[in-house]
There are 2 protein chains.
Amino acid sequence: MYEGAVQELIDELGRLPGIGPKSAQRLAFHILEADPEDMKRLVTSIVTVKERVKFCSICGNVTEEDTCSICRDPRRDPTVICVVEESKDVIAVERTRSFRGRYHVLGGAINPIAGIGPDQLRIRELLNRLSDSQIEEIIIATDPNLEGEATATYLARMLKTIGIAVTRLASGLPVGGDLEYADEITLGRAFEGRRNALS
Amino acid sequence: MYEGAVQELIDELGRLPGIGPKSAQRLAFHILEADPEDMKRLVTSIVTVKERVKFCSICGNVTEEDTCSICRDPRRDPTVICVVEESKDVIAVERTRSFRGRYHVLGGAINPIAGIGPDQLRIRELLNRLSDSQIEEIIIATDPNLEGEATATYLARMLKTIGIAVTRLASGLPVGGDLEYADEITLGRAFEGRRNALS
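On a predicted model such as this, the values are computed, not experimentally measured, just so you know. (Residues numbered from 1 in each chain as written. Chains lettered and ligands numbered in written order. Predicted model: local features only at pLDDT ≥ 70, side-chain atom pairs only at ≥ 80, totals over all residues. Heavy atoms only, no water.)

Undergrad: Requested: an account of the overall build of chain A, with residues and values cited.
TA: Across its full length, chain A carries eight helices and six strands. Its helices and strands in sequence order give chain A the pattern α-α-α-β-β-α-β-α-β-α-β-α-β-α, from N to C terminus. Here chain A has a C-alpha radius of gyration of 21 Å; the compact-globule value for 199 residues is 16 Å, and the former is much larger. With respect to the principal axes defined by its C-alpha atoms, chain A has extents near 65 × 45 × 35 Å. Sequence separation of at least 24 residues holds for 46% of the intrachain contacts in chain A that already meet a minimum separation of 6. For chain A, the exposed surface amounts to about 11700 Å²; the carbon and sulfur share of it is 52%. (Helix = DSSP H or I, 4+ residues; strand = E, 2+ residues; numbered from the N terminus. Rg over C-alpha atoms; globule rule 2.2 N^0.38 Å. Contact = heavy atoms within 4.5 Å. Areas by Shrake-Rupley, 256 points an atom, 1.4 Å probe, with all protein chains shown as cover.)

Structure, rendered in structure tokens:
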């Protein structure tokens, strides 16, 4: 509908995840009318990320060095590894400040429909890390959805044979939520996982 | 939270309209993991738009030439001008295929709270075009909201003194909508604008 360059930009923006045709058009016009300096900064930041950011050779987290800041940090407990799907999840766990161990980023979850099996995930790299005898516990922190649960079950079964303690994050009611709005599965898990009220 | 380049990209993306912190993070990770060729195309299309696209010297629509394709098209009726707020609105009217005249893009609507008065809009340029005696009708097609209506009223009063026919788009029930879901103002306008059922 638009003349060449504008339509091309709308098309390119529309290929980004979560950007529909209307948003792509709105973004394109924003870019068109924006301060050229601001747009130069946006373009530079895209180019820089593509050039400079890679994945940690140990844990698979994003980093600008060969290994990420967490793997390089000698104060992090080397005996515990928290296994997550994505780098975003590392940030989510870091925000809680309740974990001082290290991470392993799988790069996704098992999803047969999307053609993602164990071989597409960084599971081999996790096994290689386990040959380091320091590791005592693996905490599986995949997403609490179908794919995440399948991945957690797969990992738990595989790791059991190695003889390292494997734990999973607790399921239950989200803090600050309303019991009446909890779905049946979450509420069921909260019952299953109930604990002594005095502890 | 992230290391340098990734966080900078998230910050830049978060400055775009309609992109919240979660979307900015999702987009940044998409960019990080995407095919470098795809990202090169995205960057090139942003740079190209900033370098090549400008505004038509006659109507204010986006164009890569000095004047836009509609102003250059000799088959478009030069006696009617449709006044819209944005280039997006030109596309919306073009899609109806029911208008064969030319356009004038104001570049926004009167909005005292945002500090946009008549002087910030391309109203002077519209008046300059009216010195061309060919123009017989101005159709005001600003948005049917507070700012659009204020702009339409301002333009209608000003143009009345010049002696050119000024019309406004009809207000009423959207086609395909449900009467019971129409808001009071729209329904009221539909009553006011009722027409002979046999015409």
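Undergrad: Can you tell me about the relation of the copies chain A and chain B, naming the residues and giving the values?
TA: Mapping chain A onto chain B leaves a residual RMSD of 0.1 Å; the transformation is a rotation of 180 degrees accompanied by 0.1 Å of translation along its axis. Such a turn and shift between the copies fits a two-fold axis. Proximity to the rotation axis, assessed at the C-alpha, singles out Val43(A) in chain A; its C-alpha lies 3.0 Å from the axis. Here 98% of the contact residues of chain A are again contact residues in chain B; the copies associate through an equivalent surface. (Least-squares fit on C-alpha atoms with pLDDT ≥ 70 in both.)

Undergrad: Hey, could you go over the confidence of the model for chain A for me, with residue numbers and the actual values?
TA: Residue and element names in this part refer to chain A. Overall, the prediction assigns chain A a mean pLDDT of 90, with 98% of residues at 70 or greater. Per-element confidence in chain A is highest for strand E4 (residues 102–105), whose mean pLDDT is 96, and lowest for helix H8 (residues 184–192), whose mean pLDDT is 84. In the predicted assembly, ipTM is 0.77 and pTM is 0.75. (pLDDT = per-residue confidence, 0-100.)

Undergrad: Lay out the packing of helix H6 (residues 123–130) of chain A against helix H7 (residues 146–160) of chain A with the relevant residues and their values.
TA: All names here are of chain A. Running from amino to carboxyl end, H6 crosses H7 at an angle of 30 degrees, the nearest separation of the two axes being 12 Å. As judged from the angle between their axes, H6 and H7 are roughly parallel. H7 is crossed by H6, and the crossing has right-handed handedness. Residues Ile123, Leu126, Leu127 and Leu130 of H6 touch H7, and the partners they reach there are Tyr154, Leu155, Met158 and Leu159. (Axes fitted to C-alpha atoms, helices over the stretch in contact; angles between N-to-C directions. Parallel < 35°, antiparallel > 145°, perpendicular 65-115°, else oblique. Left-handed = near helix turned anticlockwise from the far one by under 90°.)

Undergrad: Now, about the UniProt feature "domain: Toprim" (unreviewed entry) in chain A: what can you tell me, with residues and values included?
TA: Per the UniProt annotation, the sites labelled "domain: Toprim" (unreviewed entry) are residues 79–174 of chain A. Structurally, residues 79–174 of chain A comprises 34% helix and 18% strand, and the distance from its first C-alpha atom to its last is 29 Å. (UniProt positions renumbered as here; feature names shortened; annotations may be inferred.)

Undergrad: So, the pairing of strand E3 (residues 80–84) of chain B: which residues are in play, and what are the values?
TA: Residue and element names in this part refer to chain B. For E3, a buried count of five out of five residues is recorded, marking the element as mostly surrounded by other parts of the structure. Across the two faces of E3 the burial is the same, with Val80, Cys82 and Val84 and Ile81 and Val83 all buried. As defined by bridge partners, E3 adjoins strand E5 (residues 137–140) across four bridges and the pair is classed as parallel. If you follow valine 80 over to E5, its bridge partner there is glutamate 137. One crossover worth recording links E3 to the parallel strand E4 (residues 102–105) by way of helix H5 (residues 87–96), and it is right-handed. (Buried < 20%, exposed > 50% of the residue type's maximum accessible area, 1.4 Å probe, protein only. Pairing = 2+ DSSP bridges. Right-handed = clockwise from strand over helix to strand, strands pointing away.)

Undergrad: Account for the sheet that holds E3(B), naming residues and giving values.
TA: All names here are of chain B. Overall, parallel pairing links the four strands, which are arranged E4-E3-E5-E6 in an open sheet. Whereas interior strands pair on both sides, the edge strands pair on one side only; in this sheet they are E4 and strand E6 (165–168). Direction aside, the axes of adjacent strands within the sheet are offset by 25 degrees on average. Sheet contacts for helix H6 (residues 123–130): E3, E4 and E5; angle to E4, the most-contacted strand, approximately 150 degrees.

Undergrad: Quick one: what's the story with the interface of chain A and chain B, residue by residue and with numbers?
TA: Between chain A and chain B, the contact holds 50 residues from the first and 49 residues from the second. Taking both partners together, chain A and chain B bury about 4600 Å²; carbon and sulfur atoms supply 70% of that area. For the pair chain A and chain B, the interface holds two salt bridges. Residue Arg41(B) is joined to Glu12(A) by a salt bridge in which the shortest nitrogen-to-oxygen separation is 2.9 Å. Scanning the region where chain A abuts chain B turns up 10 residue pairs in polar contact (both at pLDDT 80 or more). Sorting the residues of the side of chain A that touches chain B by element identifies helix H1 (4–14), helix H2 (21–33), helix H3 (36–52), strand E2 (62–63) and helix H5 (87–96) of chain A as the ones contributing at least two each. Take the side of chain A that touches chain B: its biggest share by element is 12 residues, from H3(A). Class assignment of the residues belonging to the side of chain A that touches chain B gives a composition of 26 nonpolar, nine polar and 15 charged. (Buried area = accessible area lost by both parts, 1.4 Å probe. Salt bridge = Lys/Arg side-chain N within 4 Å of Asp/Glu carboxyl O. Polar contact = N/O pair within 3.5 Å; in protein donor to acceptor, adjacent residues only side chain to side chain. Nonpolar A, V, L, I, M, F, W, Y, C, P; charged D, E, K, R; others polar.)

Undergrad: Quick rundown of empty space enclosed by the protein? Include the residues and the values.
TA: Any space left empty among the atoms is revealed by the rolling of a water-sized probe across them. Under the defined criterion, the tally for this structure stands at one cavity of 30 Å³ or more. In this structure, the largest cavity is lined by 13 residues; those nearest its centre are Leu13(A), Leu16(A), Leu13(B), Leu16(B) and Leu42(B). Counting residues per element, the ones that place at least two in the lining of the largest cavity are H2 and H3 of chain A together with helix H2 (21–33) and helix H3 (36–52) of chain B. Split into classes, the residues belonging to the lining of the largest cavity amount to 13 nonpolar, no polar and no charged. (1 Å grid on protein atoms, 1.4 Å probe; cavity = no way out; pocket = protein on both sides within 12 Å on 5 of 7 lines; lining within 4 Å. Points joined across faces, edges and corners; volume = space filled by probe spheres on them.)

Undergrad: Lay out the packing of aromatic side chains in plain terms, naming residues and giving numbers.
TA: Residue and element names in this part refer to chain A. One pass over the full model with this rule turns up two aromatic pairs over all chains. Judged by centre distance (5.3 Å) and plane angle (65 degrees), the rings of phenylalanine 99 and tyrosine 103 are edge-to-face. For the residue pair phenylalanine 99 and tyrosine 103, the accessibility class agrees, reading buried in each case. (Phe/Tyr/Trp six-rings, centres within 6.5 Å; stacked < 30°, edge-to-face > 60°.)

Undergrad: How would you explain H2(B) if you had to name every residue and give the values?
TA: Under the 1.5 Å per step criterion, the end-to-end length of H2(B) is 19 Å for 13 residues, consistent within 8% with the ideal 18 Å. Regarding H2(B), the residues found buried are Ala24(B), Gln25(B), Leu27(B), Ala28(B), Phe29(B), Ile31(B) and Leu32(B). (Expected span 1.5 Å × (residues − 1).)

Undergrad: Would you mind going over the UniProt feature "zinc finger region: C4-type" (unreviewed entry) in chain A in detail, with residue names and values included?
TA: As recorded in UniProt, the feature "zinc finger region: C4-type" (unreviewed entry) lies at residues 56–71 of chain A. Regarding residues 56–71 of chain A, the helix share stands at 19% and the strand share at 12%, and the terminal C-alpha atoms are separated by 8 Å.

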